[in-house]
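# Observations on chain architecture
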Amino acid sequence: MSRTPVLTGQVIGQAHYATRAVLERELATMGITFAQSVALNAVAAEGGAVERGALVQRMTGALKVDESAVGTTLAELTDAGLLRALPAGGSGLALTDVGRARQGRIADALAGITARLYADIPAAEMEVAGRVLTLLKQRADAELAMA
């Protein structure tokens, strides 16, 4: 008989990596990396344009990577014609029409994955899991900030 696992970092990590692998499989069909999808989603969440520094800060915080890695990702998206500088050569970044369409495909893929993987999980359990995971992230971020 299988016992219900207790919530641990290992269980959280396994769920994260399994879910991310499903997403990355979908992203690969679009020619997009996970980090690129995070950037496109972040710009879309700001209405399609964002100040570069704010985007770098958001991505370094979310992905726990350094600024140079984010810079590489943003350069890849700009070179691919998915983002453009605002104003030309300025510090803002905006989705191009192609970038907006690609981000829409990413959002659709993510919605489908979420619907499949989260299907039939009771709302009350999702709320508890959300609270626990948010608290764990806050605590981990606090520890990282102390270093």
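Refer to the structure presented above.
One numbering rule holds for all chains: residues counted from 1, following each sequence as written. Note on the predicted model: pLDDT of at least 70 is required for a residue's local features to be given, and 80 or more for side-chain atom pairs to be given and counted; whole-chain, interface and lining totals, by contrast, use all residues. As a convention, hydrogens and water are excluded, and side-chain values are obtained from all of the structure's heavy atoms.

### Here's the deal with the side chain of Ser37
For the record, the criterion: A run of H or I in DSSP counts as a helix once it spans at least four residues, and a run of E counts as a strand once it spans at least two, with each numbered from the N terminus. Only protein chains enter the calculation, and the probe is 1.4 Å; a residue is then buried if its accessible area is under 20% of its type maximum, exposed if over 50%, and partly exposed in between. By the convention used here, residues are in contact when the closest approach between their heavy atoms is within 4.5 Å.
As for its position among the elements, Ser37 is in helix α2 (residues 34-45). The class for Ser37 is buried, based on a relative accessible area of 3%. Ser37 has contacts with Leu27, Ile32 and Ile106, leaving out every residue within four places of it along the chain.

### Observations regarding the packing of helix α3 (residues 52-63) against helix α4 (residues 67-79)
Stated precisely, the cut-off is as follows: Helix axes are fitted only over the stretch in contact, all axes being lines through C-alpha atoms; the angle between N-to-C directions runs from 0 to 180 degrees. Here is the rule for angles: anything less than 35 degrees is roughly parallel, anything more than 145 is roughly antiparallel, 65 through 115 is roughly perpendicular, and the remaining ranges are oblique. Take the far helix as the reference: if the near one is turned anticlockwise from it by less than a right angle, the crossing is left-handed, and if turned clockwise, right-handed.
Between α3 and α4, the shortest axis-to-axis distance is 9 Å and the interhelical angle comes to 120°. In terms of orientation, α3 and α4 fall into the oblique class. The way α3 lies across α4 gives a crossing that is right-handed. Between α3 and α4, the residues in contact are Arg52, Leu55, Val56, Met59 and Thr60 and Glu67, Val70, Gly71, Thr73 and Leu74, respectively.

### Considerations on the packing of aromatic side chains
Rules: In this analysis, rings of Phe, Tyr and Trp, with Trp reduced to its six-membered ring, are considered paired at centre separations within 6.5 Å, and the interplanar angle assigns stacked below 30 degrees, edge-to-face beyond 60, and tilted for intermediate values. Here, a charge over a ring is recorded when the distance from Lys NZ or Arg CZ to the ring centre is within 6 Å and its angle to the ring normal is within 35 degrees.
What the rule picks out here adds up to 0 aromatic pairs. Across the ring face of Phe34, the terminal group of Arg20 is positioned such that the distance to the ring centre comes to 3.9 Å.

### As for the nonpolar core
Selection rule: Throughout, nonpolar core names a set of buried Ala, Val, Leu, Ile, Met, Phe, Trp, Tyr and Cys residues whose side chains join them through atoms within 4.5 Å.
Ile32, Leu40, Leu55, Met59, Leu74 and Leu83 are the most contacted members of the largest nonpolar core, which has 25 residues in total. Breaking this core down by element, the ones donating at least two residues are α1 (9-30), α2, α3, α4, β3 (92-95) and α5 (97-118). Not counting chain neighbours up to four residues away, the residues in contact with Leu74 comprise Ala39, Arg52, Leu55, Val56, Met59, Leu83 and Leu93.

### Considering the sheet that holds strand β1 (residues 49-51)
Pairing between the strands of a sheet comes from backbone hydrogen bonds, and it takes one of two forms, parallel or antiparallel. What counts here: Two strands are counted as paired when DSSP detects at least two bridges linking them.
One open sheet accounts for 3 strands, arranged β1-β3-β2; its pairing is antiparallel. In this open sheet, the two edge strands, each paired with only one partner strand, are β1 and β2 (83-86). Each adjacent strand pair in this sheet contributes to an overall mean axis angle of 30°, direction not counted. Where β2 and β3 come together, 4 bridges link them in antiparallel fashion. Among the inter-strand pairings, Leu83 is bridged to a residue of β3, identified as Leu95.

### A closer look at unusual backbone geometry
Of note, Lys64 is a non-glycine position whose phi angle comes to about 55°, a positive value. Even without being glycine, Asp120 reaches a positive phi, approximately 70°. Summarising the element assignment, Asp120 is placed in the loop between α5 and α6 (123-146).

### Overview of a nonpolar patch on the surface
Note the threshold: Patch rule: a residue counts if its relative accessible area is over 30% and it has no salt bridge; like charges are joined within 9 Å, and nonpolar side chains (Val, Leu, Ile, Met, Phe, Trp, Tyr) within 5 Å. Throughout, the Shrake-Rupley method with a 1.4 Å probe supplies accessible areas, and for residues the shown protein chains are the sole cover considered. By definition here, a salt bridge exists when the distance from a side-chain nitrogen of Lys or Arg to a carboxyl oxygen of Asp or Glu is within 4 Å.
A surface patch of nonpolar side chains, amounting to about 380 Å² of accessible area, comprises Leu7, Val128, Val132, Leu133 and Leu136. Summarising the element assignment, Leu133 is placed in helix α6.

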